[in-house]
Amino acid sequence: AQSVAQPEDQVNVAEGNPLTVKCTYSVSGNPYLFWYVQYPNRGLQFLLKYITGDNLVKGSYGFEAEFNKSQTSFHLKKPSALVSDSALYFCAVTLNTDKLIFGTGTRLQVFP
Amino acid sequence: DAGVIQSPRHEVTEMGQEVTLRCKPISGHNSLFWYRQTMMRGLELLIYFNNNVPIDDSGMPEDRFSAKMPNASFSTLKIQPSEPRDSAVYFCASSIPIPGHYEQYFGPGTRLTVT
């Protein structure tokens with residue numbers, strides 16, 4: 001069965017510092033991986049995806065994610081956090097359909 | 001494109017009343033998903049359609065919930081009768097079920113409050 005785990009309920013980081021939001025997955029095969037962001041009172045917004053090829057994927061708002069097959073991870077990163085990055089972040093995985101399996105979400109809090 | 005459109009944005013109703021939530025997917029997207037989000041249970045997939053046909057409704061909580069997709073541009077989620085525990089934000093999302101294009105695009109959600 002496919003699953004995705006986001007081990008941290010909340011991540012706190014100071015503005016200007018690098019941020020990492022962790023995601024690990026479990027699938028039997030080659031996964032498609034996604035990151036979404038949800039701002040307060042909004043729907044989930046697609047940030048980036050990994051399909052194949054380069055393990056470092058760049059997305060919206062300066063975010064990037066690194067696919068690591070040996071560690072079955074797909075951590076979201078940004079070199080310099082902004083207060084406006086504060087939101088709820090979801091990782092998702094699928095094997096071969098558009099039915100995505102979402103993680104439980106990680107709340108990112110960026111302090112001025 | 002206007003994105004996924006949901007209506008109403010907010011709904012307040014009394015227990016026992018029928019509630020109908022509406023969704024218009026992005027034009028050309030063949031898959032449509034209904035989700036529910038609460039603090040307690042997080043994001044839950046209720047049902048999804050492909051080419052207007054329900055593919056997986058295993059997430060529908062109980063018989064009080066029903067969903068239809070009469071055509072490619074419209075879907076409804078109905079709760080009858082509604083209960084206070086149905087209070088949540090309901091999201092609709094759409095996607096193109098082609099390898100490499102599996103990302104879903106979400107609507108703004110309907111915040112349902114059942115008193």
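Reference entry: report on the structure contained in this document.

Calculation notes
- Residues numbered from 1 in each chain as written.
- Chains lettered and ligands numbered in written order.
- Predicted model: local features only at pLDDT ≥ 70, side-chain atom pairs only at ≥ 80, totals over all residues.
- Heavy atoms only, no water.
- Helix = DSSP H or I, 4+ residues; strand = E, 2+ residues; numbered from the N terminus.
- Rg over C-alpha atoms; globule rule 2.2 N^0.38 Å.
- Buried < 20%, exposed > 50% of the residue type's maximum accessible area, 1.4 Å probe, protein only.
- Contact = heavy atoms within 4.5 Å.
- Areas by Shrake-Rupley, 256 points an atom, 1.4 Å probe, with all protein chains shown as cover.
- Lys, Arg positive; Asp, Glu negative; His and termini not counted.
- Charge placed at Lys NZ, Arg CZ, Asp CG, Glu CD.

**A word on the overall build of chain A**
And step 1. Looking only at helices and strands, chain A features zero helices and twelve strands.
And step 2. When the helices and strands of chain A are read in sequence order from the N terminus, they spell out β-β-β-β-β-β-β-β-β-β-β-β.
And step 3. Relative to the globule expectation of 13 Å for 112 residues, the C-alpha radius of gyration of chain A, 13 Å, shows essentially globular dimensions.
And step 4. On the principal axes, the C-alpha backbone points of chain A span a range of 40 × 30 × 20 Å.
And step 5. Each of the 112 residues in chain A was classed as buried or not, and the buried ones make up 48%.
And step 6. Sequence-distant contacts in chain A: of pairs separated by 6 or more residues, those separated by 24 or more amount to 56%.
And step 7. Taken as a whole, chain A presents about 5,300 Å² of accessible surface, with 49% of it coming from carbon and sulfur.
And step 8. Averaging the coordinates of the 9 positive side-chain charges in chain A and doing the same for the 8 negative ones gives two points 4 Å apart.

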